[in-house]
Amino acid sequence: MGLGTAKRNGPEGVAAIEAAIEIGYRHLDTAQDYRSEAECGEAMRHSGLPREDFFVTTKVSTSNLGPGDVVPSLRRSAEELGIDVIDLALVHWPAKNGEYPLETYMPQMAEALSLGLVRQIGVSNFPIAYLERSEAIIGENLIANNQVEVHPFLQNRALVAHCRSRGIAVTCYMPIAGGRVASEPEICRIAEKHGATPEQVSLAYLMALDLIVIPSSADAGRLRANFGATGLTLDDDDMRAMAALDRGERLIVRDWGPVFD
Ligand SMILES: NC(=O)c1ccc[n+]([C@@H]2O[C@H](COP(=O)([O-])OP(=O)(O)OC[C@H]3O[C@@H](n4cnc5c(N)ncnc54)[C@H](OP(=O)(O)O)[C@@H]3O)[C@@H](O)[C@H]2O)c1
C-alpha cells in the first residue's frame, strides 16, 4: 500500500505525509502536477528514516513530454524530492490529444532509466493499445507499472489481465472510489462482518488481487484506518461479492485523454 499525495500541499500536506510515515506507509505516490514532491521530500527527511526505506513514485506531467523535456523534468523532480534516484517514474497521461507521439516521450523515459536517474519506469492512464505500442518502441520488460483507476465499481479487468500477461504491475488510483465505497450496502455488510471499515474492505479486496493501492487522506485517523487494511483477509464469499460490484463506473475522464479499454 502506498500513500496518494495529490492535494497534500504546504505545511498541512507535510504534516499529513509525516503522519502517514509514522503509521507505517513507506511508498509515496506523487507527481509533478500535484506539486507535492517537495512535501514528500520534507516529510521523508523529518522522519529520520534512511532514504532506502522509502519507495517514491513520481509522474511526468503532460507539459513535459516534448522533445528533450522528460529527463530535465525528472532531474527537477529528484531535486524537489531531495533524492538522487527516483524509484519509479511514470508518464502521468499520454500526451494531450496526441500532441506528441509515443515515439517522442517513451524513449526519453528509457533514457532516464539508462542514465540511472530512475530505478524503474512506467506509465499511467495507458490503455492496452498504448502499452503494446510503447513496448514495441522501447522494448519488452521495461515498463514496470501502469497506474490506472481501479476500485470496486471499475475493476478494469481486461486491462489488468493484459498487464499481468506482460509482467506489468498495476497500481490502482482512487482505490476507495474517492470515498464512495461507504455508500455501497454490500461493502458495508462485508465490513460489518469483519469489524472493519468499508474503505478497508475495498483496499483489502484490491490487494488480495495482487494490485497496489494508493489511498489518500488528509486525516491521520483515516490514514491509520486505511493502513489497517493490510491486516484484513477477505474470504471467498467476500471476494465473489466484491467482484460482482463492477459496474464500469469511471470517475476520472479527460476529454483530451485516450479511449479507455
Ligand atoms: N495517475 C492518475 O492520473 C491519478 C488520478 C487520481 C488519483 N491518483 C493518485 O491516487 C491517489 C488517491 O486518489 P484519490 O485521493 O483521488 O481517491 P481515494 O484515495 O479513492 O479517496 C480519497 C478521498 O476519500 C476520503 N477518504 C480517505 N480515507 C477515508 C476513510 N477511511 N473514510 C472516509 N473517507 C476517506 C478522502 O477524504 P479526506 O482527505 O477528508 O479523508 C478523499 O476525499 C491520489 O492521491 C493520487 O496519488 C492518480
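Residues numbered from 1 in each chain as written. Predicted model: local features only at pLDDT ≥ 70, side-chain atom pairs only at ≥ 80, totals over all residues. Heavy atoms only, no water.

S.K.: Quick question: what am I supposed to make of the overall build of the protein here?
M.R.: Looking only at helices and strands, one finds 10 helices and eight strands in the protein. Computed over C-alpha atoms, the radius of gyration of the protein comes to 18 Å, within 12% of the 18 Å expected from 2.2 N^0.38 for 261 residues, which places it in the range of a compact globule. Counting only C-alpha atoms and orienting by the principal axes, one finds that the protein spans roughly 55 × 40 × 30 Å. Scored against the burial criterion, the 261 residues of the protein give a buried share of 52%. (Helix = DSSP H or I, 4+ residues; strand = E, 2+ residues; numbered from the N terminus. Rg over C-alpha atoms; globule rule 2.2 N^0.38 Å. Buried < 20%, exposed > 50% of the residue type's maximum accessible area, 1.4 Å probe, protein only.)

S.K.: How should I be thinking about the site of the ligand in this particular structure?
M.R.: In the region of the ligand, 26 residues are neighbours, and Asp 29, Ser 124, Ser 216, Ser 217 and Arg 222 sit closest. Measuring from an oxygen atom of the ligand, one finds a side-chain N or O atom of Ser 216 at 2.6 Å. Protein coverage of the free-state accessible area of the ligand, which is 900 Å², stands at 80%. The residue inventory of the shell around the ligand, partitioned by class, reads 11 nonpolar, 11 polar and four charged. (Near = heavy atom within 4 Å. Polar contact = N/O pair within 3.5 Å; in protein donor to acceptor, adjacent residues only side chain to side chain. Areas by Shrake-Rupley, 256 points an atom, 1.4 Å probe, with all protein chains shown as cover. Nonpolar A, V, L, I, M, F, W, Y, C, P; charged D, E, K, R; others polar.)

S.K.: Any chance you could explain the state of the cysteines here in plain terms?
M.R.: Chemically, a disulfide is nothing more than a covalent bond linking the sulfur atoms of two cysteines. Throughout the structure, instances matching the rule amount to zero disulfides. Cys 172 provides the cysteine sulfur closest to Cys 40, a residue in no disulfide bond, and the two sulfurs are 19 Å apart. For the unlinked cysteine Cys 188, the closest cysteine sulfur is that of Cys 172, found at 20 Å. Of the residues examined, Cys 188 reaches a relative accessible area of 26% and is grouped as partly exposed. (Disulfide = S-S within 2.5 Å.)

S.K.: Mind showing me how you'd approach the environment of Phe 54 here?
M.R.: In this fold, Phe 54 is placed in the loop between α2 (37-47) and β3 (55-60). Classification of Phe 54 by relative accessible area gives buried; the value is 4%. Look past the residues within four positions of Phe 54 in its chain and what remains in contact with it is Ile 21, Arg 26, Leu 28, Met 44, Ser 47, Leu 49 and Asp 87. (Contact = heavy atoms within 4.5 Å.)

S.K.: Help me understand helix α6 (residues 157-166) in this model?
M.R.: Residue pairs three or four apart in sequence face the same way in an α-helix, which turns once every 3.6 residues. Of the positions making up α6, those classed as buried are Leu 159, Val 160, His 162 and Cys 163. For α6, the angular spread of the buried residues around the axis is 160°, confining them to a single face. Exposed residues lying more than 90 degrees from the buried face of α6 are Ala 158 and Ser 165. Contact partners of the buried residues in α6: α5 (128-138), β6 (143-149) and β7 (169-173). Taken from the residues just after α6, Gly 167 is the one with a positive phi, measuring 70°. (Arc of directions from axis to C-beta.)

S.K.: Help me understand helix α3 (residues 70-81) in this model?
M.R.: Taking 1.5 Å per residue, 12 residues should reach 16 Å; α3 reaches 16 Å between its end C-alpha atoms and fits that length. Buried within α3 we find Val 70, Val 71, Ser 73, Leu 74, Ser 77, Ala 78 and Leu 81. Mapping the buried residues of α3 onto a view down its axis gives an arc of 155°, with all of them on the same face. Looking at the packing, one finds that the buried side of α3 touches α2, β3, β4 (86-91), α4 (102-114) and β5 (118-124). Residue Gly 82 follows α3 closely and has a positive phi angle near 70°. (Expected span 1.5 Å × (residues − 1).)

S.K.: Sorry if this is basic, but what is going on with the sheet that holds β5 here?
M.R.: Two modes of strand pairing occur in sheets, parallel and antiparallel, and in both the strands are linked by backbone hydrogen bonds. Taken together, the eight strands give an open sheet; going across it, the order is β1-β2-β3-β4-β5-β6-β7-β8, and neighbouring strands pair in parallel fashion. Each of the sheet's edge strands pairs with one partner strand only, and the pair in question is β1 (2-4) and β8 (212-213). As defined by bridge partners, β6 adjoins β7 across five bridges and the pair is classed as parallel. Following the sheet pairing, Asn 146 is matched in β7 by Val 170. (Pairing = 2+ DSSP bridges.)

S.K.: How do you make sense of the pairing of β5 when you look at a structure like this?
M.R.: The two faces of a sheet get side chains in turn, since along a regular strand they alternate between them. The buried fraction of β5 is high, at five of seven residues. Direction of pairing for β4 relative to β5: parallel, over a ladder of five bridges. Paired with Val 91 across the bridge in β5 is Val 123. Handedness of the β-α-β unit built from β4, α4 and β5 comes out right-handed. Taken together, β5, α5 and β6 constitute a β-α-β crossover, and its handedness is right-handed. (Right-handed = clockwise from strand over helix to strand, strands pointing away.)

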